[in-house]
Structure formats: C-alpha cells, structure tokens
Amino acid sequence: MSRLVLLDLDNTLIDRHGAVADWVAEFCTARQLPAETVLHMTGLLRERAVPETFESLQRNLGLAELPAALWDAYVTGLAARVTCTTETLTRLDLLRTAGWAVGVLTNGAADIQRAKLASAGLLDHVDAVCISEEVGARKPDPEAFRMAAALCGHELPGDAWMVGDDPVTDIAGASTAGLRTIWISAGNAWTNPGLTPDHVAQTAVDSADFLLGLPESAR
Ligand SMILES: [Mg+2]
C-alpha cells in the first residue's frame, strides 16, 4: 500500500484569508460601503462562506443584487485571486515521484472549492480531491478522512499523514482518524494543550520537505 498525505486547501495550499480580504475591499469600494462593513464582511467570510452567508449580507446591507448573484461573484472573485506557489506544486510532484499518494481534503461548497483548485493549478498535481459537500462528511468527522483516503486508493489508518492549518478540523480530526499530523503554524503558537501535532511546519513547502526527508521506516 502506498504512503498517503492529505493536505487541507484553504490557508494551507492557498492563501484564502488574503483572497477574501482583497475581494471584500474591492466589493466595498465599488459600492462605497464604509470601513466597518469591510471589517464585518471580512470577518464573516473568513470564518465560513456558503451561499446562505450572502442571503444575510444582502438583507443586512440592503444590497440590490440577489444572493445567488453575490455568491457567483464571490466564487469567481475568490478563484481569480488564489494562487499556489510553484514551490508548492513542485513539492507535490516530488512527493508523488517518491511514492506518496497525494490528496486534497477540504471543507466547503463544491463550486467554490473546485473553482479555487482549478484556478490555483492544483488538479494536475494531486491524485484526488475530497470536498465535504460532495462526500457528505466534514472534517473533523473521521469519515471525511476515510473518504479522502479511499479516493486516493488508501485504507486508513495505514501509513498516512494530514497537513493543515486548523488545530481542530485538520489536526484533531486527523488524529482521531488515525493519521499522523503536520500543523501549518504560519508563525502562530499551538493552543490546544490536550493534543500535540506530530510535526509543526511554517508552510506547505516545509511540510513536504519534512515528509520527503523521513527515513523509510518512519513513514
Ligand atoms: Mg485551512
């Protein structure tokens, strides 16, 4: 059986926070909305953005566009703003060359996650993508990890790692599902005293370098 690494998408492989902030700033400038609205929308959309989010925003801000049109604009706008670095894509290729199965496991709506994956150029560099809306299970539910592993031809627990930035959905969830874990800290301090990631890396590139450097017996 192959070795498996699952990677989170948002704020692990791509900078979602930056894309959201950029899109909100442009959206609010075009409508001459005040700075408080920029802050409110950025906070709301950073937390979680689904089509229903735009129903409440449309109501609260008195926007003329229909929520579905706002969601479509958000999907297109976010996809246009996310990128995956060449260094990251190269590491995914190196992992696969070294015998790892590489999958993306992400929570979110299928349309926006697929648009971002395509726009960032990730689809040609991974073996499978697993999106919560498509499989009906969200991280930290162990079922989400099992389904992602299965899409990569892997059975858990086996020899599997999860890479992600969220201490709960990515790290605690993966640990429960029997995967070893790499937390993408982005310079932040670990805050869950009840659980320790197996490894901490600053970026997805660093996490891949760690995995590529593991001796065979430790994988
Ligand atoms: Mg994330």
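Residues numbered from 1 in each chain as written. Predicted model: local features only at pLDDT ≥ 70, side-chain atom pairs only at ≥ 80, totals over all residues. Heavy atoms only, no water.

Draft legend 1. Looking closely at the side chain of Thr88. Mapped onto the fold, Thr88 is located in helix H5 (residues 86–97). Classification of Thr88 by relative accessible area gives buried; the value is 7%. Setting aside residues no more than four positions away along its own chain, Thr88 makes contact with Leu13, Ala204 and Val205. (Helix = DSSP H or I, 4+ residues; strand = E, 2+ residues; numbered from the N terminus. Buried < 20%, exposed > 50% of the residue type's maximum accessible area, 1.4 Å probe, protein only. Contact = heavy atoms within 4.5 Å.)

Draft legend 2. Molecular detail of the domain arrangement of the protein chain. On domain assignment, one finds that the protein chain holds domain 1 (3–14 + 83–218) and domain 2 (16–81). Computed over C-alpha atoms, the centres of domain 1 and domain 2 are 27 Å apart. Opposite the eleven residues of domain 1 that make contact, domain 2 presents ten residues. Carbon and sulfur atoms make up 58% of the area that domain 1 and domain 2 hide from each other, which totals about 890 Å². On the domain 1 side of the contact with domain 2, Asn11, Ile112 and Lys116 bury the most area, a combined 45% of that side's loss. (Domains from an automatic or database assignment. Buried area = accessible area lost by both parts, 1.4 Å probe.)

Draft legend 3. Up close: the nonpolar core. Val5, Trp23, Leu45, Tyr74 and Leu122 are the most contacted members of the largest nonpolar core, which has 47 residues in total. Per-element accounting of this core gives the leading share, six residues, to helix H1 (residues 16–30). Residue assignment places this core across two domains, with domain 1 (3–14 + 83–218) and domain 2 (16–81) each supplying three or more. Excluding anything up to four places from it in sequence, Tyr74 contacts Arg16, Val20, Trp23, Leu45, Ala49, Phe54 and Ile112. Counting residues in hydrophobic clusters, the runner-up holds 18 residues, among them Leu6, Leu105, Cys130 and Ala149. (Core = buried A, V, L, I, M, F, W, Y, C linked by side-chain atoms within 4.5 Å.)

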